[in-house]
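# Chain and residue survey
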Amino acid sequence: MNDIKIMNKAADNIRILAASMVEKANSGHPGGAMGGADFINVLYSEYLVFDPKNPKWEARDRFFLDPGHMSSMLYSVLSFTGKYSMEELSQFRQWGSVTPGHPEVDVMRGVENTSGPLGQGHTYAVGAAIAAKFLKARLGEQMSQTIYAYISDGGIQEEISQGAGRTAGTLGLDNLIMFYDANNIQLSTKVEDVTCEKVAQKYEAWGWKVITINGNDVNEIRKALDEAKAESTRPTLIIGNTIMGKGAVTADDSSFENKVSTHGQPLSAAGASYEETVKRLGGDPANPFVIFPEVQELYAKRIKELEAIVAERHAAKEEWAKANPELAEKMGKWFAGTAPAIDWKAIEQKPNQATRAASATVLGVLATQVENMICASADLSNSDKTDGFLKKTHALTKDDFSGAFYQAGVSELTMACVCIGMALHGGVIAACGTFFVFSDYMKPAVRMAALMELPVKFIWSHDAFRVGEDGPTHEPVEQEAQIRLLEKLKNHKGHSSLLVLRPADVTETTIAWKMAMENVSTPTALILSRQNITDLPFQSSRYAEALQAEKGAYIVECDGNPDVIMVASGSEVSTLVEGAELLRKDGVKVRIVSAPSEGRFRDQTEAYQESVIPTGSKVFGLTAGLPVNLQGLVGCNGKIWGMESFGFSAPYKVLDQKLGFTGENVYQQVKEFIA
């Protein structure tokens, strides 16, 4: 073990850098970073195993930061490992800098996750720990690793912590160690002002091992980590009682620790003296962006240790690969993140089924052909039809990770974040299902998946008011508009941040899944019907024609030079077909367009877009959601029949009649429109 004086010196170096980053930016959160410096230093200088030369090494330990506002702490310790320069730290929170206010995933620099809303980060760690267990069951000791998480008082309070804690305890994730930075200070209050819960007892009730320590004492941190590493049946929570703003002083050198004010503003703005604090910690306020020589030596020593550890691990992997060439090949493919090879055309769908049932058929194929896929459901597998996957495997359990189904229970946000954690870990394809109306619970996670460009598959069934008798509480109306906003929002690479697909029949569902599995650069949303849908007409091969859905929108039928173009997605396309039959009897020429993804459609050439929906055409849209869903396709001079209110409780066929989602109403609306 390293000398305690040097360890404390390194922690003080983190405190100086963290406080200085915030001070220079005149924005940020220095107090928590200063309090957590001791733990993060012990972890990185003595415990965390990573490859200094290959940050993407599959078997590395992973560190997930939950409180992203403590980014200055993470950047500081990573600068000791050579991942950030002092100049980059000095540009904290500035335009174009690599040190944003909240960390954004950058594995090459050692940042494993984007830390946004509190509670999500440590839930990603739970997902990563599940992924590691899942892969270890298939690849053996090559995936022996520890997943570390860091959580704050705010993350403990966020409701998602219940789902994460329950899941990790139930599954016995002994490869998960979480440090709880318990400093009793929040942004605007002390913790005791908002909660009196017994955190240790809560986690013990969920099946965790709990250790309580002085979180600023090096030896106590070491002892706790050793104990946690030795645990073989449970995840471990280390409750570290730390000091907010540790080391902060006023101009007269009196303590300014444990103050609410240092949580979310520079030390000088909070009432402390930045200059005297830096001096007290051993630094030079005129030149604070410095790594002390002793600290450089400490981390150089750790890098050498890691090189030896990793060399041994790599040698063992080479021997394993020689003995297990097929497994080694699988491991390479899985971590490369490439789309699996599936004979999509060979998938046989029963005609005229609900698209959720068609999705189940596809999931059954994926369960048998994609060995590194995990599917999840929020206690709805037999209704959202993810049981198509479950029937071909079995659920993950505490003592058995040979299965591939994650039973999330009733916890949609937790489920989504766990799946994000699986994707962040790598080597695993994650999908999760629930009712579309409950996407409301998942929206913060979907947004983060989009921001991190993670290919999680979100499966949402019961896509409209046709949930019927369940009533408006369970009938999505505005949800599609909300989700499709992310399809319009570009990620930092200039691409649609989310691929949204609402297939129109069973064959288009197969194509939608093809698109989802081949989309390895962003998340995908599949929006599926509860009720049966009549298959769309075709000329020669429905599969060949449905393949056009890969362009986002395509022509299903066209009567030469049409009088009107009718556009819809999902089950409404078949309703347009019904209306077209009536219109043709009156001599009206129609073109029917299925548009499962406007985002993908807008990625096509202008020539293709014009060939489907020519500028200046009369365009009628039908949507079971808000009219805005089709506004971009129909245009200002078109007409849209959609939902203008919440749904109602009644059988779905009655609702179709009452709300105008019938061929007859399509006929009437189009006749009025083109008159």
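Our subject in this report is the structure included herewith. (Residues numbered from 1 in each chain as written. Predicted model: local features only at pLDDT ≥ 70, side-chain atom pairs only at ≥ 80, totals over all residues. Heavy atoms only, no water.)

## Here we look at the overall build of the chain
Counted only if it meets this: Strands here mean DSSP runs of E at least two residues long; helices mean DSSP runs of H or I at least four residues long; both are numbered from the N terminus. By the convention used here, residues are in contact when the closest approach between their heavy atoms is within 4.5 Å. Reported accessibility uses the Shrake-Rupley method at a 1.4 Å probe radius. Residues are deemed covered only where the shown protein chains occlude them.
Along the backbone of the chain there are 26 helices and 16 strands. Expressed along its principal axes, the backbone C-alpha trace of the chain runs to roughly 90 × 60 × 45 Å. When contacts within the chain are restricted to residue pairs at least 6 apart in sequence, long-range pairs at least 24 apart make up 77% of them. Surface accessibility of the chain: about 25500 Å² in total, with carbon and sulfur atoms responsible for 50%.

## Remarks on the side chain of Arg591
Where we set the bar: Burial classification: accessible surface area is computed with a 1.4 Å probe over protein chains only, and a residue below 20% of its type maximum counts as buried, one above 50% as exposed, and the rest as partly exposed. For the purpose of charge, His is not counted, nor are the chain termini; Lys and Arg are scored as positive and Asp and Glu as negative. Whenever a carboxyl oxygen of Asp or Glu lies within 4 Å of a side-chain nitrogen of Lys or Arg, that contact is scored as a salt bridge. Between N or O atoms, a polar contact is any pair within 3.5 Å; within protein, one atom must be a potential hydrogen donor and the other a potential acceptor, and residues adjacent in sequence are included only when both atoms are from side chains.
Its place among the elements puts Arg591 in strand S14 (residues 590-594). Glu610 provides the closest opposite charge to the buried, salt-bridge-free Arg591, at an N-O distance of 8.8 Å. There is a polar contact of 3.0 Å between the side chain of Arg591 and the backbone oxygen of Val612. With sequence-adjacent residues up to four places away left out, Arg591 is seen in contact with Ile555, Glu557, Cys558, Pro562, Val564, Ile565, Met566, Ser611, Val612 and Pro614.

## Concerning the pairing of strand S2 (residues 147-152)
For clarity, the cut-off: A strand pair is defined by DSSP finding two or more bridges across the two strands.
Among the six residues that make up S2, six are buried, leaving the element largely enclosed by the rest of the structure. A two-sided burial pattern is seen for S2, the buried positions comprising Ile147, Ala149 and Ile151 on one face and Tyr148, Tyr150 and Ser152 on the other. In terms of strand pairing, strand S1 (residues 62-65) meets S2 through four bridges, oriented parallel. If you follow Arg62 over to S2, its bridge partner there is Ile147. Pairing analysis gives six bridges linking S2 to strand S3 (residues 176-182), with the strands arranged parallel. Bridged to Ser152 within S3 is Asp181.

## Here we look at the layout of surface pockets
Inclusion rule: In the cavity and pocket records, a cavity denotes points on a 1 Å grid over the protein atoms alone where a 1.4 Å probe fits but cannot get out, a pocket denotes an open set with protein on both sides within 12 Å along at least 5 of 7 lines, and lining residues are residues with an atom within 4 Å of a point. Grid points are joined across faces, edges and corners, and a volume is the space filled by probe spheres set on the points. Under the scheme applied here, ten amino acids are nonpolar (Ala, Val, Leu, Ile, Met, Phe, Trp, Tyr, Cys and Pro), four are charged (Asp, Glu, Lys and Arg), and all others, including Gly, are polar.
One number sums up the size of the largest pocket: a volume of about 1200 Å³. In terms of lining, the largest pocket is formed by 45 residues, of which the most central are Val105, Val107, Met452, Glu453 and Leu454. Listing elements by their share of the lining of the largest pocket, those giving two or more residues are helix H13 (325-336), helix H16 (412-425) and helix H17 (439-452). Of the residues assigned to the lining of the largest pocket, the class counts are 21 nonpolar, 13 polar and eleven charged.

## A word on the pattern of salt bridges
Taken as a whole, this structure holds 37 salt bridges when the rule is applied. Lys279 is the partner of Glu276 in a salt bridge, and the nearest nitrogen-oxygen pair spans 3.5 Å. A residue pair is termed a helical-turn pair when its members lie 3 or 4 positions apart in one helix, as Glu276 and Lys279 do in helix H11 (residues 274-280) at three residues. Across the salt bridge formed by Asp586 and Lys671, the nearest N and O atoms sit 3.2 Å from each other. Taken together, the positions of Asp586 in the loop between helix H21 (572-585) and S14 and Lys671 in helix H26 (residues 663-674) put the pair 85 residues apart, joining distant regions of the chain. You can call Lys671 partly exposed: its relative accessible area is 30%. Within the structure, one salt-bridge network assembled from shared partners comprises Asp463, Arg466, Arg502, Glu572 and Asp656.

## Some points on the packing of H17 against helix H18 (residues 479-488)
So the rule is basically this: Every angle, taken between N-to-C directions, lies between 0 and 180 degrees, and every axis is a line fitted to C-alpha atoms, over only the stretch in contact when it is a helix. With respect to orientation, any angle under 35 degrees is reported as roughly parallel, any angle over 145 as roughly antiparallel, any angle of 65 to 115 as roughly perpendicular, and every other angle as oblique.
Remark: H17 packs on H18, axes separated minimally by 11 Å, with the N-to-C direction vectors making an angle of 5°. Here H18 runs roughly parallel to H17, going by the angle between their axes. Between H17 and H18, the contacting residues are Ser439, Asp440, Lys443, Val446 and Arg447 on the first element and Gln479, Gln482, Ile483 and Leu486 on the second. The class makeup of the residues in the contact of H17 with H18 is three nonpolar, three polar and three charged.

## Topic: empty space enclosed by the protein
Applying the stated criterion across every chain, the model contains three cavities of 30 Å³ or more. If you add up the space inside the largest cavity, you get close to 150 Å³. Along the walls of the largest cavity sit 14 residues, with Tyr44, Leu48, Phe50, Gly110 and Glu112 positioned nearest its centre. For the lining of the largest cavity, the per-class residue count stands at seven nonpolar, two polar and five charged. Size it by volume and the second largest cavity reaches roughly 50 Å³. Lining the second largest cavity are Glu480, Arg484, Ser569, Ala595, Glu598, Asn629, Leu630 and Leu633. Each residue belonging to the lining of the second largest cavity can be placed in one class, and the counts come to three nonpolar, two polar and three charged.

## Quick word on the sheet that holds strand S8 (residues 429-435)
The six strands lie next to each other as S7-S6-S8-S9-S11-S10, forming an open sheet whose pairing is parallel. Where the open sheet ends on each side, the last strands, each with one partner, are strand S7 (405-407) and strand S10 (499-501). Mean inter-strand twist for the sheet, computed between neighbouring axes without regard to direction, equals 20°. Here strand S6 (residues 373-377) runs beside S8; their pairing, made up of five bridges, is parallel. By the bridge assignment for S8, Met373 is matched with Ile429.

## Side note on helix H14 (residues 355-369)
Worth spelling out the cut-off: Each helix should span, by expectation, one fewer than its residue count multiplied by 1.5 Å.
Here H14 contains 15 residues, and its C-alpha end-to-end distance of 21 Å stays within 8% of the 21 Å for a straight helix at 1.5 Å per residue. Counting buried residues in H14 gives eleven out of 15 residues, a clear majority hidden from the surface. Of the positions making up H14, those classed as buried are Thr355, Arg356, Ala358, Ser359, Ala360, Val362, Leu363, Gly364, Val365, Leu366 and Ala367.

## Structural notes on H18
Burial runs high along H18: seven of the ten residues are buried. Listed in full, the buried residues belonging to H18 are Gln479, Glu480, Ala481, Ile483, Arg484, Leu486 and Glu487.

## Overview of the packing of aromatic side chains
Filter applied, for reference: Only rings of Phe, Tyr and Trp enter the pairing, Trp through its six-membered ring, and a pair is recorded when the two centres are within 6.5 Å. The plane angle decides the type: under 30 degrees is stacked, over 60 is edge-to-face, the rest tilted.
This model, assessed by the stated rule, comprises 16 aromatic pairs. Ring geometry for Tyr44 against Phe63: centres 5.8 Å apart, planes inclined by 75°, an arrangement best described as edge-to-face. Of the two residues, Tyr44 is situated in helix H2 (residues 30-47) and Phe63 in strand S1; the sequence distance between them amounts to 19 residues. Under the relative-accessibility criterion, Phe63 is labelled buried at 4%. Members of the aromatic cluster, joined through ring pairs, are Phe39, Tyr44, Phe63, Tyr150 and Phe179.

## Considerations on the environment of Ala230
Along the chain, Ala230 falls in helix H9 (residues 218-230). By relative accessible area, which is 62% here, Ala230 ends up exposed. Counting along the chain gives 56 residues from Ala230 to Asp174, while the straight-line C-alpha distance between them is 8.9 Å.

## A look at the sheet that holds strand S15 (residues 619-622)
Strand order in the open sheet formed by five strands is S12-S14-S13-S15-S16, and the pairing between neighbours is mixed. Edge positions in the sheet fall to strand S12 (554-558) and strand S16 (639-641), since each of these pairs with one other strand and no more. Sheet twist, expressed as the mean angle between neighbouring strand axes with direction ignored, is 25°. On top of the sheet, H26 reaches strand S13 (564-568), S15 and S16; it is set at about 150° to S15, its chief contact.

## Some remarks on the nonpolar core
We count it as follows: What makes a nonpolar core is a set of buried Ala, Val, Leu, Ile, Met, Phe, Trp, Tyr and Cys residues whose side-chain atoms join them at distances within 4.5 Å.
Ranked by internal contacts, the top residues of the largest apolar core, which has 145 residues, are Leu366, Met373, Trp513 and Met566. Looking at this core element by element, the count peaks at ten residues for helix H5 (residues 120-139). Setting aside residues no more than four positions away along its own chain, Met373 makes contact with Phe134, Leu363, Leu366, Phe389, Ala404, Ile429, Ala431, Trp513 and Met517.

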